[in-house]
Structures are given as structure tokens and as C-alpha cells.
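Here's the letter readout for the chains.
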Amino acid sequence: MTEKVYLGFGKEVASLELDKLNRHGIIAGATGTGKTITLKVLAEQLSDAGIPVFLSDIKGDLASLAEANTNDDLQGRLEATQYTTFEPKQYPVEIWDVLGEEGLPVRITISEMGPILLARLLGLNDTQTGILNIVFAVADEQGLLLIDLMDFRAMLNYVAENAKELASHYGTISKASIGVILRSIVVLEQQGGARFFNEPSLEINDFLRQAQDGRGVINILNAKQLYTLPTLYATVLLALLSELYEELPEVGDLDKPKLVFFFDEAHSLFEGTPKALLDQIELIVRLIRSKGVGVFFVTQNPTDIPDTVASQLGNRIQHGLRAFTPKELTVVKAVAQTFRQEVDMDLEKIIQELKVGEAVVSTLQADGTPSFSDRVMIYPPQSKIGTIDPTVLLSLINHSTLLVKYQETINRTSAHEQLNELVAEQEAALIAEAEAAEHEAVAAKQAAEAERLTQEHEKAEAKQEAAVAKELERQRKDAEKEFERAQKAAEKARTKTSTRRTDSPMDRFTKNIMSSVGREVGKALTRGITGMFKR
């Protein structure tokens, strides 16, 4: 079994130990110094060793690994590098594309992305990131699947609508922060995020395949359009790396890695990255080696890599750096100090003098120590230099054994549908409750109306009875008066009748005489008395 891969020639053949590739590495250098060629040569060597590779194609010149190098002007380079085993050939390549336009669609779910990466992708501050963590916690607690952006939006709206109820457990939930996140989703959708967050999501084992001839498959992410959105590009690659870390089992140190992951334009990963995410990146880089994965960062300026991550990179390939300002000279000096170098070696000067295709190389040896730095001429690639023929690219995509698996999206029941069902159930319950309340209100109104009519009827009857009683009372009184008048009249009539019966003519004569006598006697008495007074 091959124990090394070879990449060029300096004082001797430059090589990397296969069992040390999971100690990671870096390929650095200014634009146009040959990083892409080095990347292709390493990918070829790893594939020949049966090791699958993942790399991103930003400029469109890596997919040509699928075509053989037919360039006739290689003899000088072959002699300079003593590349005696050079053989033009094409390599087993799988083309992927987040946008699904020129390659197999790469998809991942919102849940698989997680709140930390998603917050970075959406450009959220600490407060908004806290809200995002609450959204994921509520979704997990209630068994709601977050697959696509529709699920994510529905979940945000659900949390906003139930903010008061959730606040007792999770703390204050700002609707303004949720509004910011919702607006960020709109921007993400415009960038093609709706295609990336979907199913079927990528099965990470599809990166770990070998071709029928035993060579490792080179998985190339077509990132020509994706890299125009650097934050989305870096987040996608980091999400894939995180999936490798999450999904692969612990295997310890292997004779050779399961996969080597090349993170091109790595500076985009660390620009403006919050500390929480930097800590996660450092953790992944440090621990993913036990999953059998090697990671190489490819960047122009090696100082773009944070020290906590750079310290994990044991294999170093440094192409030329151009230094014209004091700041650039400081960078060159800092880079030179990261290499193990011999006493009489002026590495700062060498790094500035490197030609295109040359690099300072230091790799981990069999005993784990870094080799002394060597000025190495990189091998020419056995595959085509330049861009891939469009017909070859189309053929690769259309004849992929994974096309049936990933071509069509699926839409299973997830948070969006689950919340719609919940809302529908709540609406149905509210409608039933409203209808019941309405029936109760109608029944109560009818009962009240019946009670009112009954009371009015009773009042009318009472009034009528009072009127009848009053009339009867009046009639009774009238009858009593009439009876009294009749009694008086009868009494008077009886009195008159009695008088008329007792006064005879003699009686009347006697009464008249007595009356006259009485009057005369009265007069005499009166005169006697008055006459007495006159005296």
C-alpha cells in the first residue's frame, strides 16, 4: 500500500505521509503563484491512493480533473521535477452545485445547519442569535422539523405569536428581533438559499466513495456563482465540514484518511466571524482528525487563519508572497517563522523569490515532527490544465449514479405543515367555541325574550285584574250609595206617611191655637221684661 503521496521535487522528492494527513495542512500564496496546480496535484495523488477528496472550484479550472492533460509543452517541467511516473489521465469526478444548475444539487436542512452557522449566514447580532436559539429549542421541544426556509419562517412567526407564553421559560422574546430575522431570510432567498435548504439533504457518505478501479472519487463543488456571495460560500463549506464531524464515527488514527477536505479561499470563513463560531471551527478542526478526515485550508495570506486554527495545521505548502509595503514585509516575516528551517536558510527572502509553481514545503514526518523547509518545484498535473469542456461537464452530471437520488426535491411534512395543521385545529376549535357561544347567546336571548313576554303578560293580566277589581269596587260603592239613598228616601217616605196619618183636623186646630197662645204669652213676657229694664 502507498504510504506517501508526492507533490514535487526540491533537494529531494517532497512527500506527505498518508497517516499524517489528518493533522491537516495549509496551501498559501499570492494570486497567480500556482496554488491551484498544487491543489490539483494533491487531489490526483490522493485519488490514486484510494482517498476521496472534496474541493471547491471557484474559478472553474478544477473540474478539468475529469480530463487528461494533453499538453505537449511539459518536458522541461517533468525533467526539473524528476517526475518519472507522469501519465496523462482523467480522474473520477463528481460535480456538485448548491444552486443545482451545473452539478448535483447540494442540500441541507435548517436543523442540520444549526443556529450558530445560521446566525452567521444571516448576519445576526448577539440578541438576534439568542432569539434564534430559542426558535430551535422550541422546535425541538415540540417535535417540529425545520427543513426549509418556509419551516424556518413559520417557526419564527409561531414564536412571535406565542412570545408571552414562552417568555416565562425562555425569557423576553423581542418581536423586533424576529422581524430582523425574517427580513434576513428574504435576502437569503434572493441569494439562492431556498435551493440549499431543502431535501433530500446530502448524505455525507456520498463524499466517501471510490471508483470501480479503486481510486478515490474527487468531489468538486461548482462554486463559480456561489463565491460571489462569500458569506454563503463559507457557511456552506463549513456546514459540510460540520456534517462530516457530526456524522462520521470515531476511528482514531488510520493508515490513511477517509477523506481530505480542501477549504479554498479560507479567509472568507474567518472574516467577521463571531467568537462562538470561531470556537466551533477550532473544535471541529481539532477533533475531526479522529473521524479520519484531513482538512487543508487554501488562502492567499496565511495570517488570515486564526492562530488557534493555524496551530493545528502540520503540513505547510507556501507559494510566493509579494512584499512591497512594511505591512506585507511583516506578513512575510511572520510566515517564515512558522516553518522549521535550517540555520543558513533565509526563508523570508526565498518566499519573496519563489517562481510560479514553486513553494516552500514542510510536512509532518513519520515520527510526527515537521520536516525542514525545502524549496520545491511542484509536479505538473496529470489532468487537464484549464477549464473543462462543457460537453464533458454535462456528460459527467447526466451520467452520475447519484443523479436519481438528488435530482428532485421532496417535501415531507415539517414545521410549516405541522404549524398550519395546528393553526387549523386552533381555528376550528375557536370556530366551534364561537358557534357554541353564539348558540348560547341566541338561547339566552330567546329565554330572555320569553321571560320578558311572560312578565309583560303577567303585568297585563295584573293590570286587567286591577282594573276589573277597581270597576267592581266602584260599582260596589255606587250600589252602596244607591242603596243608602234608597234607604233614606224610603225612610223619608215612611216619615211623611206617618205624619200625615196622625194629624187630624182637630189636632191641627189645636196646634194652631196653642201656637197662637204661645206667641201671645211670649210677647207679654217680652214686654214685661223689657218694660222692667226700661224702668
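The rules we used
Residues numbered from 1 in each chain as written. Predicted model: local features only at pLDDT ≥ 70, side-chain atom pairs only at ≥ 80, totals over all residues. Heavy atoms only, no water. Helix = DSSP H or I, 4+ residues; strand = E, 2+ residues; numbered from the N terminus. Rg over C-alpha atoms; globule rule 2.2 N^0.38 Å. Buried < 20%, exposed > 50% of the residue type's maximum accessible area, 1.4 Å probe, protein only. Contact = heavy atoms within 4.5 Å. Lys, Arg positive; Asp, Glu negative; His and termini not counted. Charge placed at Lys NZ, Arg CZ, Asp CG, Glu CD. Axes fitted to C-alpha atoms, helices over the stretch in contact; angles between N-to-C directions. Parallel < 35°, antiparallel > 145°, perpendicular 65-115°, else oblique. Nonpolar A, V, L, I, M, F, W, Y, C, P; charged D, E, K, R; others polar. Salt bridge = Lys/Arg side-chain N within 4 Å of Asp/Glu carboxyl O. Core = buried A, V, L, I, M, F, W, Y, C linked by side-chain atoms within 4.5 Å. Polar contact = N/O pair within 3.5 Å; in protein donor to acceptor, adjacent residues only side chain to side chain. Phe/Tyr/Trp six-rings, centres within 6.5 Å; stacked < 30°, edge-to-face > 60°. Pairing = 2+ DSSP bridges. Expected span 1.5 Å × (residues − 1).

Visitor: Would you take a moment to explain the overall build of the chain for this structure?
Guide: From N to C terminus, the chain includes 18 helices and twelve strands. For the chain, whose C-alpha radius of gyration is 55 Å, the value lies well above the compact-globule estimate of 24 Å for 535 residues. Principal-axis analysis of the C-alpha atoms places the extent of the chain at approximately 195 × 65 × 40 Å. A buried classification covers 44% of the 535 residues belonging to the chain. A fraction of 78% describes how many contacts in the chain between residues 6 or more apart in sequence connect residues 24 or more apart. Within the chain, one finds 59 positive and 78 negative side-chain charges whose respective centroids are separated by 23 Å.

Visitor: Help me out: how do you make sense of the packing of helix H5 (residues 149-161) against helix H6 (residues 163-170) in this one?
Guide: For any two helices packed against each other, the geometry is given by the interaxial angle and the distance between the axes. At a minimum axis distance of 6 Å, the contact between H5 and H6 shows a crossing angle of 85°. With respect to their mutual orientation, H5 and H6 come out roughly perpendicular. Across from Val159, Ala160 and Glu161 in H5, the residues of H6 making contact are Ala163, Glu165 and Leu166. For the contact of H5 with H6, the per-class residue count stands at four nonpolar, no polar and two charged.

Visitor: Looking at this structure, how should I read the pattern of salt bridges?
Guide: Pairing is possible between side chains that carry opposite charge, provided their charged atoms lie close to one another. One pass over the full model with this rule turns up 26 salt bridges. Residues Glu456 and Arg452 are paired through a salt bridge, measuring 2.4 Å at the closest nitrogen-oxygen approach. Taken together, the positions of Glu456 and Arg452, both in helix H17 (residues 415-502) and four residues apart, correspond to about one turn of that helix. Judged by relative accessible area, Glu456 falls into the partly exposed class, the value being 40%.

Visitor: Sorry, what's going on with the nonpolar core here?
Guide: Soluble globular proteins tend to bury their nonpolar side chains together. Judged by nonpolar contacts, the single largest core of 84 residues is most densely connected at Leu118, Phe152, Met155, Phe197 and Phe297. Excluding its chain neighbours within four sequence positions, the residues that come into contact with Phe197 are Ile108, Thr109, Ile110, Met113, Leu118, Leu121, Ile147, Asp148, Leu149 and Leu188. Grouped together as the second largest cluster of nonpolar side chains are 42 residues, Leu7, Leu39, Phe86 and Ile378 included.

Visitor: Would you mind going over the side chain of Gln45 with me for this structure?
Guide: Of note, Gln45 is situated in helix H1 (residues 35-48). Gln45 gets classed as buried once you look at its relative accessible area, which sits at 13%. A distance of 3.5 Å separates polar atoms of two side chains, one belonging to Gln45 and the other to Tyr83. Look past the residues within four positions of Gln45 in its chain and what remains in contact with it is Val5, Tyr6 and Tyr83.

Visitor: Help me understand the packing of aromatic side chains, please; the structure alone is not making it clear to me.
Guide: A ring pair, where both rings are aromatic, is described by two values, the distance of the centres and the angle of the planes. Throughout the structure, instances matching the rule amount to twelve aromatic pairs. A centroid spacing of 4.6 Å and a plane angle of 20° characterise the contact between Phe54 and Phe261, whose relative ring orientation is stacked. Of this pair, Phe54 sits in strand S4 (residues 53-57) while Phe261 sits in strand S8 (residues 259-263); the two residues are 207 residues apart in sequence, bridging distant segments of the chain. The pair Phe54 / Phe261 is uniform in exposure class, with both members buried. Ring geometry for Phe270 versus Phe297: centroids 6.0 Å apart, planes at 55°, classification tilted.

Visitor: Just checking my understanding: could you explain the sheet that holds strand S1 (residues 4-9) for this structure?
Guide: The pairing of strands in a sheet happens through backbone hydrogen bonds and is either parallel or antiparallel. Taken in spatial order, the twelve strands make up an open sheet running S2-S1-S12-S11-S10-S3-S9-S8-S4-S7-S5-S6, and their pairing is mixed. Across the chains shown, the open sheet's two edge strands, defined by having one partner strand only, are strand S2 (13-17) and strand S6 (104-105). In this structure, S1 lies alongside S2, joined through five bridges in antiparallel fashion. Looking at the pairing, Val5 lines up with Leu16 of S2. The strands touched by helix H9 (residues 230-247) within the sheet are S4, strand S7 (218-222), S8 and strand S9 (293-299), with S8 carrying the most contacts at an inclination of about 160°.

Visitor: Before we go on, may I ask you to explain helix H11 (residues 275-287) in this structure?
Guide: Side chains that are three or four residues apart share a direction in an α-helix, a result of its 3.6 residues per turn. An ideal rise of 1.5 Å per residue puts 18 Å on 13 residues; H11 measures up with 18 Å between its terminal C-alpha atoms. For H11, the elements touching its buried residues are helix H3 (110-122), H9, helix H10 (267-270), S9 and helix H12 (307-310).

Honestly, that's just the spatial picture; any functional story needs more than this.
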